[in-house]
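A look at the structure
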Amino acid sequence: MIKVKYNVKPKNLVIMAACANVGNELNIEVTVTSGMDGKHSPSSLHPRGDALDVRSKTLDSEFKMIFLSKVLKRLGKSYQGFLEDEGKVNEHFHFEYDPD
Ligand SMILES: [Zn+2]
């Protein structure tokens, strides 16, 4: 587990570490599909380096929820994550640092 003080950016590194650890634990490949790039909503935390998207479509549905819950448990309550656009072409995990 890596801890990063609140004023150290980007939080993406913490999210990445949690995803990598859970990927190793479950023996699944983790692919980060978007960081500060790409088109996101105006309120998105991606441009700040506080959000990462991770590929979900290659995982079986049961693994998706296991992966999500394990990553969120590692990240703690200052982070949020969910399966965005579930069942659609653009489906992916979205994780972000959002302590508010
Ligand atoms: Zn996202």
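Structural notes, computed from the coordinates. Model, not experiment: these values are computed from the prediction.

**Let's talk about unusual backbone geometry**
Most of the time, phi is negative for any residue but glycine, and the peptide bond is trans. One non-glycine residue, Asn27, adopts positive backbone phi at about 60°. Here Asn27 lies in the loop between helix 1 (12–26) and strand 1 (32–34). Here Asn27 falls in the exposed class, since 6 other C-beta atoms lie within 10 Å of it. Even without being glycine, Asp85 reaches a positive phi, approximately 55°.

**Some thoughts on the pairing of strand 2 (residues 51–55)**
Counted residue by residue, strand 2 has four buried out of five residues, so it is predominantly covered. Two elements, strand 1 and strand 2, share two bridges in a ladder whose sense is antiparallel. The partner of Val32 across the bridge, within strand 2, is Val54. Here strand 2 runs beside strand 4 (residues 92–97); their pairing, made up of five bridges, is antiparallel. Paired with Arg55 across the two strands is His92, which belongs to strand 4.

**Observations concerning the sheet that holds strand 2**
The strand order 1-2-4-3 describes an open sheet built from four strands, whose pairing is antiparallel. A single partner strand is all that each edge strand has here, and the edge strands are strand 1 and strand 3 (79–84). The mean angle between the axes of side-by-side strands here comes to 30°, regardless of whether they run parallel or antiparallel. Across six bridges, the pairing between strand 3 and strand 4 is antiparallel. Directly across from Gln80, in strand 4, lies its bridge partner Glu96. Those strands touched by helix 1 are strand 1, strand 2, strand 3 and strand 4, and its axis lies near 30° from that of strand 2.

Calculation notes
- Residues numbered from 1 in each chain as written.
- Predicted model: local features only at pLDDT ≥ 70, side-chain atom pairs only at ≥ 80, totals over all residues.
- Helix = DSSP H or I, 4+ residues; strand = E, 2+ residues; numbered from the N terminus.
- Buried ≥ 20, exposed ≤ 12 C-beta atoms within 10 Å, placed from the backbone.
- Pairing = 2+ DSSP bridges.
- Axes fitted to C-alpha atoms, helices over the stretch in contact; angles between N-to-C directions.
- Contact = placed C-beta atoms within 7 Å.

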